[in-house]
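Structural characterization, general
Here's the letter readout for the chains.
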Amino acid sequence: MTKVLTDQRSIRIKGRSFLAVVLSPESPVDQWLERLDDLAARSAGFFLSRPVVLDVSELSLDKAGLKELLAALTERNVGIMGIEGVRPSMIEPGMPPSLKGGKPASDVEVEPVAAAAELPEDKPRAAGEVRAVVQSLVINEPVRSGQSIMFPEGDVTVIGSVASGAEIIAGGSVHIYGALRGRAMAGSLGNTSARIFCRKLEAELLAIDGVYKVAEDIDDKLRGQPVQLWLENDTIKAAKLG
């Protein structure tokens, strides 16, 4: 029997970008999983409802080892949306797809319009010099528990507080003109020069370029204080403001 298609409506396919967390396991994997358990225990819900990409390019895994790693992550309720650094032949039915072409990000991206930007009169332009345009997002109200603000394009400024259970994820720096009680992650796409600033530090979790610090790791002398945080030799440093 021949099936006649009478519905002429087209199927709409859209392109859309999403910001995902990238997990990059290190050898030995058992010890890496212990550190992951420690992070999850001290920041409950960190991986819930969050797109996660698994980057195994630093590991020497065969197909069985990859299946074991995926099973270990599934037991920890970490949902993997795709895998980087793996041969397509290692992907079996039911596994997340192999991903390629993730966009690397520099510390400061230069927009095309920046070439025409004028420098101040007292600072003449050097030959071939362009000015970087840093994008920013301003939130003019407090961020409530359960809210997640993601802005990979640049800095995020919150005119208010960030409640416990809320999170800010920025490609650049994070500025909070109030209490930081939730999670703040700066430099999410590889910006090691990003910083976190807040008027009152009571954070559940802090991260810069993937290096994290949870509440128990924060010096008691800094709690409740105006603080800035930055990354130095793969360690988060902190100092009071003012």
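Residues numbered from 1 in each chain as written. Predicted model: local features only at pLDDT ≥ 70, side-chain atom pairs only at ≥ 80, totals over all residues. Heavy atoms only, no water.

Points about the sheet that holds strand 13 (residues 227-232)
As summarised here, the arrangement of the six strands in space is 4-6-8-10-13-14, forming an open sheet in which the pairing is mixed. The open sheet is flanked by strand 4 (135-139) and strand 14 (235-240), the only strands paired with a single partner. Within the sheet, the average angular offset between the axes of one strand and its neighbour, ignoring direction, is 20 degrees. With three bridges joining them, strand 6 (residues 154-158) and strand 8 (residues 174-180) adopt parallel strand pairing. In the strand pairing of strand 8, Val156 is matched with Val174. (Pairing = 2+ DSSP bridges. Helix = DSSP H or I, 4+ residues; strand = E, 2+ residues; numbered from the N terminus. Axes fitted to C-alpha atoms, helices over the stretch in contact; angles between N-to-C directions.)

Brief notes about the confidence of the model for the chain
With 75% of its residues at a pLDDT of at least 70, the chain reaches an overall mean of 79. Taken element by element, the predicted model of the chain shows its lowest mean pLDDT in strand 1 (residues 21-23) (81) and its highest in strand 8 (96). Ignoring residues within four places in sequence, the model shows residues 104-133, a span with pLDDT below 50, making 32 contacts including any to other chains. (pLDDT = per-residue confidence, 0-100. Contact = heavy atoms within 4.5 Å.)

Some remarks on helix 2 (residues 63-75)
Between its terminal C-alpha atoms helix 2 stretches 19 Å, which fits the 18 Å expected from 13 residues at 1.5 Å a residue. Buried residues of helix 2: Gly65, Leu66, Leu69, Leu70, Ala72 and Leu73, and no others. For helix 2, the angular spread of the buried residues around the axis is 160 degrees, confining them to a single face. The outward face of helix 2, more than 90 degrees from its buried face, is lined by the exposed residues Glu68, Thr74 and Glu75. Among the residues trailing helix 2, Asn77 stands out with phi positive, at a value near 60 degrees. (Expected span 1.5 Å × (residues − 1). Buried < 20%, exposed > 50% of the residue type's maximum accessible area, 1.4 Å probe, protein only. Arc of directions from axis to C-beta.)

Topic: the sheet that holds strand 9 (residues 183-186)
As summarised here, the arrangement of the five strands in space is 5-7-9-11-12, forming an open sheet in which the pairing is mixed. Sheet topology places strand 5 (148-151) and strand 12 (211-214) at the edges, where each strand pairs with a single neighbour. On average, adjacent strands in this sheet sit at an angle of 5 degrees to one another, irrespective of strand direction.

Observations regarding the pairing of strand 2 (residues 52-55)
Residues Val52 and Leu54 of strand 2 are buried on one face, and the alternating residues Val53 and Asp55, pointing to the opposite face, are buried as well. The pairing of strand 2 with strand 3 (residues 80-84) spans four bridges and is classified as parallel. Residue Val52 lies in a different strand from strand 3, and its bridge partner there is Ile80. Assessed by its sense of winding, the connection that carries the chain from strand 2 through helix 2 to strand 3 is right-handed. (Right-handed = clockwise from strand over helix to strand, strands pointing away.)

Brief notes about the pattern of salt bridges
Tallied over the full model, the rule gives nine salt bridges. Between Glu26 and Arg35 there is a salt bridge whose closest N-O contact spans 3.3 Å. Overall, Glu26 belongs to the partly exposed group, its relative accessible area being 45%. With a shortest N-O distance of 3.4 Å, Arg183 and Glu167 are connected by a salt bridge. Of this pair, Arg183 sits in strand 9 while Glu167 sits in strand 7 (residues 167-170), and the two are 16 residues apart along the sequence. No difference in accessibility class separates Arg183 from Glu167, as the two residues are buried. Taken together, the shared-partner salt bridges connect Lys63, Lys67 and Glu92 into one network. (Salt bridge = Lys/Arg side-chain N within 4 Å of Asp/Glu carboxyl O.)

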